[in-house]
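Now for the letters of each chain:
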Amino acid sequence: MRFRHPDGSTVHLAYCTNVHPAETLDGVLAQLRDHCEPVRRRLGRDRLGIGLWLAKDAAHALVTDPSALRGLRCELDRRGLEVVTLNGFPYEGFGAEEVKYRVYTPDWADPERLEHTTSLARVLAGLLPDDVTDGSISTLPLAWRTACDERRAQTARTALRTLAERLDALQELTGRSIRVALEPEPGCVVETTRDAIAPLTAIAHDRVGICVDTCHLATSFEDPHTALDDLTRAGVPVVKSQLSAALHAEQPHLPEVREALAAFAEPRFLHQTRTSTAAGLRGTDDLDEALSGDALPDAAPWRAHFHVPLHAAPAAPLTSTLPVLKSVLTRLVGGPHPLTRHLEVETYTWQALPPELRPRGRTQLADGIAAELTLARDLLTDLGLKELP
């Protein structure tokens, strides 16, 4: 979906396909048919943006076979879909029964991460619509915190500089400008937007910036205005933003609140949980850990890294951090000029919701994704953006 900003520029809105498990190119093609096109039809749009997730094997197939890349591009066109951004965070196995810490490997100190992201950039250059020259790729924020020492951190920074040089060369070759965005996430080396400033200014290349994920920002209790002000002052570009909402518990000391939270503690994804105390941010790596005993202080609200549907907040006594998303979006695109032009709805946890909240089949999932995109569209038009055909 495209929108015209009051300054005349185009802002793109997509939804991320990492909600649909697929490791191979055939799986990606099936996604377009079974999920993406039905969402587009529900929205009554001739064109729908998708933030494509390409696992290692799918990316390799596309970058080594020009005919396969042309075939994917034709299939996107045929189904009324377009791609300006990729989710390059998960490397493989995101549809596995247990993902947890595996999503952080390989990290930016491992050669596989550089090669995979280079492949994604080459693929994206071939997928961009004819009238679009700028693409974006979100990626993991260097590494999980326990997997990184100073030597590996230096290796990671060197890899990102090498990537930036390759992206320069790619633009010279194709005329397409691809940028990569570190996505701060709780528990990682770069957990917050503030954590991103030092490594990104050290890399010092405009090809490498930040992806502001509004669930992650809210989980870490970051103030949206302070976060974006700090990035602006440091000259760190917001390459893209993922529109998502975290799980919020206002009174985690109450037994009924803990019972409600326990329904969201599930075995597939990691749900880092945080609370803000007078001594600073406290947290656990997962929700079940927070709920066991006194692992986390419960005198103040908790937030958990669980991407809940934007249009459907959990039932009381829980809620979501949708207000944080709205504040971030206002700052990103509500000013005289957009701070980013790539927005991506990313709720990958539909099938990890408590059983009674999970969509039953493709039809309900498509309905839910369309409802999320409708909410995002309404937020954008309320900010003065005009939806384009």
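Refer to the preceding data block for the structure.
Residues numbered from 1 in each chain as written. Predicted model: local features only at pLDDT ≥ 70, side-chain atom pairs only at ≥ 80, totals over all residues. Heavy atoms only, no water.

(A) Here's a closer look at the overall build of the chain. Of regular secondary structure, the chain possesses 12 helices and 15 strands. In terms of overall size, the chain behaves like a compact globule, its C-alpha atoms giving a radius of gyration of 20 Å where 389 residues would be expected to give roughly 21 Å. Carbon and sulfur atoms make up 50% of the accessible area of the chain, which totals about 15,000 Å². With 42 positive and 54 negative side-chain charges, the chain shows a separation of 5 Å between the mean positions of the two kinds. (Helix = DSSP H or I, 4+ residues; strand = E, 2+ residues; numbered from the N terminus. Rg over C-alpha atoms; globule rule 2.2 N^0.38 Å. Areas by Shrake-Rupley, 256 points an atom, 1.4 Å probe, with all protein chains shown as cover. Lys, Arg positive; Asp, Glu negative; His and termini not counted. Charge placed at Lys NZ, Arg CZ, Asp CG, Glu CD.)

(B) Spotlight on the packing of helix α11 (residues 322–333) against helix α12 (residues 362–382). Look at α11 against α12: their axes get within 10 Å of each other, and the N-to-C directions meet at 45°. With respect to their mutual orientation, α11 and α12 come out oblique. In this structure, α11 meets α12 at a crossing whose hand is right-handed. Along its contact with α11, which presents Leu322, Leu325, Lys326, Leu329 and Val333, the element α12 presents Leu375, Leu379 and Leu380. The residue makeup of the contact of α11 with α12, split by class, is 7 nonpolar, no polar and 1 charged. (Axes fitted to C-alpha atoms, helices over the stretch in contact; angles between N-to-C directions. Parallel < 35°, antiparallel > 145°, perpendicular 65-115°, else oblique. Left-handed = near helix turned anticlockwise from the far one by under 90°. Contact = heavy atoms within 4.5 Å. Nonpolar A, V, L, I, M, F, W, Y, C, P; charged D, E, K, R; others polar.)

(C) Up close: the nonpolar core. Judged by nonpolar contacts, the single largest core of 118 residues is most densely connected at Leu13, Tyr15, Ile50, Leu54 and Leu373. Here this core gets 9 residues from one element, more than from any other, and that element is α12. Excluding residues that lie within four positions of it along the chain, Ile50 makes contacts with Ala14, Tyr15, Thr17, Leu32, Cys36, Leu76, Leu81, Glu82, Val83 and Thr85. (Core = buried A, V, L, I, M, F, W, Y, C linked by side-chain atoms within 4.5 Å. Buried < 20%, exposed > 50% of the residue type's maximum accessible area, 1.4 Å probe, protein only.)

(D) Highlighting unusual backbone geometry. Pro106 follows Thr105 through a cis peptide bond whose omega is -10°. In this structure, Pro317 follows Ala316 across a cis peptide bond, with omega equal to 15°. Looking at the element boundaries, Pro317 is found in the loop between β12 (302–308) and β13 (318–320). Residue Leu142 is not a glycine yet carries a positive backbone phi of 75°. Position of Leu142 relative to the elements: it lies in the loop between β5 (134–139) and α5 (150–174). The class of Leu142 is buried, set by a relative accessible area of 5%. Of note, the phi angle at Phe221 is positive, near 55°, even though the residue is not glycine. Phe221 gets classed as partly exposed once you look at its relative accessible area, which sits at 24%.

(E) Structural detail: the environment of Val239. Structurally, the position occupied by Val239 is in strand β8 (residues 238–243). Taking the relative accessible area as the measure of exposure, Val239 reaches 3% and is therefore buried. Remark: the alpha-carbon pair of Val239 and Ala304, spanning 65 residues in sequence, is separated by 25 Å. Residues within four places of Val239 in sequence aside, it is in contact with Ser136, Arg179, Val180, Ala181, Gly209, Ile210, Thr340 and His342.

(F) Quick look at helix α1 (residues 25–43). Under the 1.5 Å per step criterion, the end-to-end length of α1 is 26 Å for 19 residues, consistent within 8% with the ideal 27 Å. Along α1, the sharpest change in direction is near 40° and occurs at Leu32. The element α1 is largely enclosed, with a buried count of 14 among its 19 residues. Directly beyond the C-terminal end of α1, a positive phi value near 65° is found at Gly44. (Expected span 1.5 Å × (residues − 1). Bend = angle between axes of the 7 residues up to and from the residue.)

(G) Quick look at the pattern of salt bridges. Under the definition given, this model contains 31 salt bridges. The salt bridge partner of Arg2 is Asp131, with a shortest N-O separation of 2.8 Å. In this pair, Arg2 sits in strand β1 (residues 2–4) while Asp131 sits in the loop between α4 (111–127) and β5, placing the two residues 129 residues apart along the sequence. Residue classification places Arg2 among the buried residues on the basis of a relative accessible area of 7%. (Salt bridge = Lys/Arg side-chain N within 4 Å of Asp/Glu carboxyl O.)

(H) Highlighting the pairing of strand β11 (residues 280–284). Where strand β10 (residues 273–277) meets β11, 5 bridges bridge the pair, whose relative direction is antiparallel. Across the sheet, residue Thr277 finds its bridge partner in β11, namely Gly280. If you look at the hairpin formed by β10 and β11, you'll find 2 residues sitting between the two strands. (Pairing = 2+ DSSP bridges.)

(I) Examining the sheet that holds β12 more closely. Reading across the sheet, the 5 strands line up as β11-β10-β12-β9-β13 and stay open at both edges, with antiparallel pairing between neighbours. Of all the strands in the sheet, just β11 and β13 have a single pairing partner and so form its edges. Ignoring which end each strand starts from, the neighbouring axes of this sheet average 30° apart.

(J) Representation of the packing of aromatic side chains. All chains considered together, the criterion is met by 8 aromatic pairs. Their ring planes at 85° and their centres at 5.3 Å tell us that Tyr101 and Trp144 sit as a pair that is edge-to-face. Of this pair, Tyr101 sits in the loop between β4 (81–87) and α4 while Trp144 is found in the loop between β5 and α5, placing the two residues 43 residues apart along the sequence. A residue is classified by how much of its surface remains accessible, and Trp144, at 6% relative accessible area, is buried. Judged by centre distance (4.7 Å) and plane angle (35°), the ring pair of Tyr104 and Trp144 falls under tilted. Of the two residues, Tyr104 is situated in the loop between β4 and α4 and Trp144 in the loop between β5 and α5; the sequence distance between them amounts to 40 residues. This pair shows no difference in class: Tyr104 is buried, exactly as Trp144 is. Among the aromatic residues, ring-to-ring pairing joins Trp53, Phe94, Phe269 and Tyr348 into one connected group. (Phe/Tyr/Trp six-rings, centres within 6.5 Å; stacked < 30°, edge-to-face > 60°.)

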